[in-house]
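Summary of structural features
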Amino acid sequence: MIDKALFKLPGLRKRMPFIAILAILQSLVIIGQAFFMATAITSLWHGKGVKTAIPAIVGFAICFFCRELVNFFRQRFLDKFAYQTSIEMRTELLDKVFKLGPNFSTGIGSGSLTTTAISGIEDVETYIKLVLSKVLNMVIVPMIILLAVIILDWKSSIVLILTFPISILFMIILGYAAEGRASKQYDSYQILSNHFLDSLRGIATLKYFGRSKDYANSIYHTSERFRTATMKTLSIAILSTFALDFFSTLSVATMALFLGLRLMDGIVTLFPALMALILAPEYFLPLREFASDYHATLNGKNSFQAVQKVLDTDEGLSEQIKAPILWTDQSSMRLSGLTKKYETNRGVSDVNVGISGFTKVAIVGASGSGKSTLLNLLSGFSNPTSGTYQINEMEEIPSLNDLNWRKSVSFIPQNTYIFAGTLRMNLSFYEPEATDEAIIWAAKQAGLEKLVDSLGLDCLIGAGGRTLSGGQMQRVALARAFLSKDRNIILLDEPTAHLDIETELEIKESILPLFDDKLVFLATHRLHWLPQMDLVVVLNDGNVEGVGSHQELLASNAYYQKLIAEMRG
């Protein structure tokens, strides 16, 4: 019901005493309300006239105003704290995801991750406000009111003392049932998010192959499972609320019955009996308020745990590379026994390659041969199962998942991501402090001179702005690499695979100058790249079939000859 990690939030412990003081003040003004109301009614009952009741009525109004004032300050205080905490949590979450790399996002599902970062954080914000306000109220307010009832009429307090634990017990029993349902609902929501986003990304391909209707039906059935899970969770949450309302109403009615009988017998006077009866519903009110928002609390708890799961994930960042690496003609790299195996038993095995100086390395193979896996190992996005790296005669290291290595590398993927922002922000991704002159120069090198001239650097692109063609997006990625002077290790993962041949050849003319005086790793299945490469690593089902220049392999490597023949059709 309440995650203990919530109370470890930064700054919460300092704020808890203030929230507790507000709860105590609320209890006192509730008692004041009951006191003045009972005084006014008793005065009128004894026939003393309205004038004698006016001070009590004014006192009641003041207490009512103070109660609303306490609620206002508490709500404003918690709104500000929860909002600030949610902003910091979202920032930490996105920073963590960025550090964990694309493999983590792929594993957890980009749809699920997006849902967690947007609506999940909003649920956490609501969760913080509900728990901090209503849980403390549920603990403090009933205890102080019960103390007042004991002082007024200890026999009436027995009913409250006996029924409150029963209400709590029922809430716990039904709460566990609702929590289980809510967890299943949240899992369904995450699956629906992943499924919907994946289908949305591939809608063009699905329509091309005539499968869009099949996936529409699949999304429908997934959303129906989510709807069913939601309704089951709500039914238990509503049942919990009903049970609490029933027991609290029954308790107040029982207390009223005994008070009435004792009043008739003259055992108790009107004022204490009336004040105790007025306080009885207030005694159960914090519990009922918590129950009414129980479903929102469960959603918030699940979202909070999902966020904490990401934040607690080990980044695996090493600190063995002491500074960013500027690759020179004297630099060297050695991959020794590099192996990465997934649960499906796919991956790469026993990669042994030595590289020195400014070298252009092509990684080729059939689909599923392990090209992207090897590139992920070289980028540091993935850690090897076994094997080591050695850079510039340093000690052998088990992983390139190192912050300084990331600062040394430019990565150009198949599909360049364009951020919602200005053209300047997108071009200067690696160098945010770059001058406009440097940005324009890099754009010119990447063949974007006409685009910059027509739009200007302040033009909004991406979501909510001007859209770019596939070729323009790839050129943006190239411009980012051209602009970065300190990153001369470049990794390209099928950078032109989704483009038509004319656009691809145009972009190739822009890419080739980028390769000068750099270490380049290019994963590709396009033949026209290979003659320009210094070294070709040939993969077959995760195994290295050959390493050498294009001409050497073409002359002596049977598998490479077969692969080239298949690529040529």
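To start, this report covers the structure provided alongside it. (Residues numbered from 1 in each chain as written. Predicted model: local features only at pLDDT ≥ 70, side-chain atom pairs only at ≥ 80, totals over all residues. Heavy atoms only, no water.)

1. Focus: the overall build of the protein
Helices and strands together make up the secondary structure of the protein, namely 18 helices and 11 strands. Per-residue burial over the protein gives 48% buried out of 569 residues. When contacts within the protein are restricted to residue pairs at least 6 apart in sequence, long-range pairs at least 24 apart make up 77% of them. (Helix = DSSP H or I, 4+ residues; strand = E, 2+ residues; numbered from the N terminus. Buried < 20%, exposed > 50% of the residue type's maximum accessible area, 1.4 Å probe, protein only. Contact = heavy atoms within 4.5 Å.)

2. Thoughts on the side chain of T422
Within the fold, T422 resides in strand β6 (residues 421–422). Among the residues examined, T422 registers a relative accessible area of 15% and is labelled buried. Within the structure, the side chain of T422 is placed 3.1 Å from the backbone nitrogen of M425, a separation counted as a polar contact. (Polar contact = N/O pair within 3.5 Å; in protein donor to acceptor, adjacent residues only side chain to side chain.)

3. Observations regarding empty space enclosed by the protein
By the definition in use, this model includes two cavities of 30 Å³ or more. In this structure, the largest cavity spans a volume of roughly 40 Å³. In terms of lining, the largest cavity is formed by L335, V353, I355, V361, I363, L374, L378, F521 and V537. Among the elements of the structure, β2 (347–356), β3 (360–365) and α10 (371–379) are those that each provide at least two residues to the lining of the largest cavity. Along the lines of polarity and charge, the residues of the lining of the largest cavity split into nine nonpolar, no polar and no charged. As a volume, the second largest cavity reaches approximately 30 Å³. Lining the second largest cavity we find Q26, I30, R67, V141, E282, L285, P286 and E289. (1 Å grid on protein atoms, 1.4 Å probe; cavity = no way out; pocket = protein on both sides within 12 Å on 5 of 7 lines; lining within 4 Å. Points joined across faces, edges and corners; volume = space filled by probe spheres on them. Nonpolar A, V, L, I, M, F, W, Y, C, P; charged D, E, K, R; others polar.)

4. What about a positive patch on the surface?
Residues K14, R15, R76 and K80 make up a contiguous surface patch of positive charge. Elements with a minimum of two residues in the positive patch: α1 (12–45) and α2 (50–100). Looking at the secondary structure, you find K14 in helix α1. A residue is classified by how much of its surface remains accessible, and K14, at 76% relative accessible area, is exposed. (Patch = residues over 30% accessible without salt bridge, like charges linked within 9 Å, V, L, I, M, F, W, Y side chains within 5 Å. Areas by Shrake-Rupley, 256 points an atom, 1.4 Å probe, with all protein chains shown as cover. Salt bridge = Lys/Arg side-chain N within 4 Å of Asp/Glu carboxyl O. Lys, Arg positive; Asp, Glu negative; His and termini not counted. Charge placed at Lys NZ, Arg CZ, Asp CG, Glu CD.)

5. What to know about the nonpolar core
Generally speaking, soluble globular proteins have nonpolar side chains that are buried together. M89, I128, L160, M255 and L279 are the most contacted members of the largest nonpolar core, which has 58 residues in total. Among the elements that take part in this core, helix α4 (residues 110–152) stands out by supplying 17 residues, more than any other. Excluding residues that lie within four positions of it along the chain, M89 makes contacts with L9, I121, V124, F304, V307, Q308 and L311. Residues V364, I439, I461 and L514 belong to the second largest nonpolar core, which totals 41 residues. (Core = buried A, V, L, I, M, F, W, Y, C linked by side-chain atoms within 4.5 Å.)

6. Concerning the packing of helix α13 (residues 436–445) against helix α15 (residues 470–483)
When two helices pack together, their arrangement is given by the angle between their axes and by how far apart the axes lie. Two elements in contact, α13 and α15, have axes whose closest approach is 8 Å; the angle formed by their N-to-C orientations is 125 degrees. With respect to α15, the axis of α13 lies oblique. For the element pair α13 and α15, the recorded crossing hand is right-handed. Residue-level contacts link A438, I439, W441, A442, A443 and Q445 of α13 to A479, F482 and L483 of α15. By residue class, the composition of the contact of α13 with α15 is eight nonpolar, one polar and no charged. (Axes fitted to C-alpha atoms, helices over the stretch in contact; angles between N-to-C directions. Parallel < 35°, antiparallel > 145°, perpendicular 65-115°, else oblique. Left-handed = near helix turned anticlockwise from the far one by under 90°.)

7. Examining unusual backbone geometry
Its identity is not glycine, yet D517 carries a phi of approximately 55 degrees, on the positive side. You can see D517 is positioned in the loop between α16 (501–514) and β9 (519–523). The exposure class of D517 is exposed, given its relative accessible area of 54%. Located in the positive-phi region is D541, a residue other than glycine, with phi close to 55 degrees. Of note, D541 is situated in the loop between β10 (535–540) and β11 (543–548).

8. Observations regarding the layout of surface pockets
Considered as a void within the structure, the largest pocket measures approximately 2,400 Å³ in volume. In terms of lining residues, the largest pocket is bounded by 48 residues, among which F98, P102, S105, Y417 and F419 are the most central. Breaking the lining of the largest pocket down by element, the ones donating at least two residues are α2, α3 (102–108), α4, α10, α11 (403–406), β5 (409–412) and α15. Partitioned by chemical class, the residues of the lining of the largest pocket number 21 nonpolar, 18 polar and nine charged. The calculated volume of the second largest pocket comes to roughly 370 Å³. As for the second largest pocket, its lining consists of 21 residues, of which S367, G368, S369, K371 and S372 are closest to the centre. Class assignment for the residues of the lining of the second largest pocket results in five nonpolar, 12 polar and four charged.

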